[in-house]
Amino acid sequence: MVYYVSEWVKDHPGGDAPLLSFAGRDVTDAFIAYHPGTAWKHLDQFFTSYYVKDFVVSEISKDYRRIANEFTRLELFEKKGHGRKLDKYAMGERGQSGSIDG
Ligand code: HEM
C-alpha cells in the first residue's frame, strides 16, 4: 500500500526524521515496531494506491511480523507500543535524555 504523507510529516508525533528517511520504502516493520495499535487507524487518510509489482516480503520480515503478532496476542508488550526506549536510542534521541531509560 502506498501512503502520501509529504504534507503531514511535520505533524507526525514521532517527528519528521523517520518519515523522511524512510520515504519511498516499505515501512511496515518500522510501523509495527514504533507504534501502538491505535496508530493504524491514522493510515487510511494517507492511502493513495496499491503497489504490488516486484513486492516480496523477506523471510526476516515474515519472521519479525509473526513474532510481533504472537507477542502482541500474548500481551507481552507494554500497552503503548513496544521497544520504544531502545528504538529511540537507536534513532539518535539519546542526546536528549542521556540514557536509554530516560
Ligand atoms: C507512514 C505513516 C505513519 C503514520 C500514519 C504514523 C503515525 C503515528 C502516530 C499516530 C503516532 C502517535 C502514536 C501514539 O499514540 O503514541 C506516531 C508516533 C511515532 N512514530 Fe509514527 N507514523 C508513521 C510512520 C512512522 C515511521 C516510518 C517511523 C519510524 C521509522 C515512525 C516512528 C514514530 C515514533 C518514534 C513515534 C513516537 C513514539 C513515542 O515516543 O510515543 N512513524 N506515529
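Calculation criteria
Counting restarts for each chain: residues are numbered from 1 in the order of the written sequence. Per-residue local features of the predicted model are confined to residues with pLDDT of at least 70, and side-chain atom pairs are confined, for both listing and counting, to 80 or more; whole-chain, interface and lining totals are unaffected and use all residues. To obtain the side-chain values, all non-hydrogen atoms of the structure were included, while hydrogens and water were left out. Without a salt bridge and with relative accessible area above 30%, a residue can belong to a patch; like charges are then joined within 9 Å and nonpolar side chains (Val, Leu, Ile, Met, Phe, Trp, Tyr) within 5 Å. Method for areas: the Shrake-Rupley scheme with a 1.4 Å probe, in which residue coverage is limited to the protein chains shown. What counts as a salt bridge is simple: a side-chain nitrogen of Lys or Arg found within 4 Å of a carboxyl oxygen of Asp or Glu. For the purposes of this entry, the term helix denotes a DSSP run of H or I that reaches at least four residues, the term strand denotes a run of E that reaches at least two, and both are numbered from the N terminus. Atoms of type N, O and S within 2.8 Å of a metal are treated as its donors, and for Na, K and Ca the window is 3.2 Å; water is not considered, so some sites may appear to be missing partners. Here the metal geometry follows the donor angles, with tetrahedral for four donors whose angles all fall between 85 and 135 degrees, square planar for four and octahedral for six when opposite donors are more than 155 degrees apart and every other angle is between 65 and 115, and irregular for all the rest. The rule is simple: take the accessible area with a 1.4 Å probe, protein chains only, and divide by the maximum for that residue type; under 20% is buried, over 50% is exposed, in between is partly exposed. Throughout, a contact is declared for two residues whenever any of their heavy atoms are within 4.5 Å. Counting of polar contacts relies on pairs of N or O atoms within 3.5 Å, with two restrictions inside protein: one atom must be capable of donating a hydrogen and the other of accepting it, and residues adjacent in sequence are counted only when both atoms are side-chain atoms. Each residue carries a pLDDT value, the predictor's own confidence for that position, ranging from 0 to 100. To estimate the expected span of a helix, count its residues, drop one, and scale the result by 1.5 Å.

What to know about a nonpolar patch on the surface
So, step 1. Side chains of Met1, Phe47, Tyr50 and Val52 sit close together on the surface and give an oily, nonpolar patch of about 480 Å² of accessible area.
So, step 2. Tracing the backbone through its elements, the reader meets Phe47 in strand β2 (residues 47-49).

Some details on unusual backbone geometry
Excluding glycine, a negative phi dihedral is what most residues carry, and trans is how most peptide bonds are arranged.
So, step 1. Its identity is not glycine, yet Glu75 carries a phi of approximately 60°, on the positive side.
So, step 2. With respect to the element layout, Glu75 can be found in the loop between α3 (59-73) and α4 (84-90).

A closer look at the coordination of the iron atom of the ligand
So, step 1. Here the iron atom of the ligand is held by His12 (NE2) and His35 (NE2), and the distances to it run 1.9 to 2.0 Å.
So, step 2. Between the six donor atoms coordinating the iron atom of the ligand, the angles at the centre fall across 88 to 179°, so the site counts as octahedral. Separated by 23 residues along the polypeptide, His12 in the loop between β1 (2-3) and α1 (16-21) and His35 in the loop between α2 (28-34) and β2 bring together distant segments of the chain.
So, step 3. Owing to a relative accessible area of 14%, His12 belongs among the buried residues under this scheme.
So, step 4. Since its relative accessible area comes to 21%, His35 is described here as partly exposed.

Focus: the pattern of salt bridges
So, step 1. A complete count under the given rule lists five salt bridges for this structure.
So, step 2. Taken together, the shared-partner salt bridges connect Asp26, Asp29 and Arg65 into one network.

Overview of the environment of Met1
So, step 1. Checked against the element boundaries, Met1 lands in the segment before β1.
So, step 2. Here Met1 falls in the exposed class, since its relative accessible area comes to 57%.
So, step 3. Ignoring anything within four residues of it in the chain, the contact list for Met1 reads Phe47, Ser49 and Tyr50.

Observations regarding the side chain of Ser61
So, step 1. Along the chain, the position of Ser61 falls in helix α3.
So, step 2. Within the local environment of Ser61, its side chain forms a polar contact with the side chain of Asp29, the two groups lying 2.5 Å apart.

Re the side chain of His12
So, step 1. Engagement of the side chain of His12 in a polar contact is seen with the backbone oxygen of Gly15, the distance being 2.7 Å.
So, step 2. His12 has contacts with Pro18, Leu19 and His35, leaving out every residue within four places of it along the chain.

Some thoughts on the confidence of the model for the chain
As a general rule, the predicted coordinates of low-pLDDT regions are not to be interpreted in detail.
So, step 1. In this model, the chain carries an average pLDDT of 79, and 75% of its residues clear a pLDDT of 70 or more.
So, step 2. Mean pLDDT across the secondary structure elements of the chain bottoms out at helix α5 (residues 94-97), with 36, and peaks at α1, with 96.
So, step 3. Taken as a whole, residues 83-102 scores under 50 in pLDDT and shows 13 contacts with residues more than four places along the chain or in a different chain.
So, step 4. Here the complex is predicted with pTM 0.78, and the ipTM for its interfaces comes to 0.91.

Notes on α3
So, step 1. Taking 1.5 Å as the rise per residue, α3 with 15 residues should run 21 Å; its terminal C-alpha atoms sit 21 Å apart, in good agreement.
So, step 2. Glu75 occupies a position one or two residues after α3 and carries a positive phi of about 60°.

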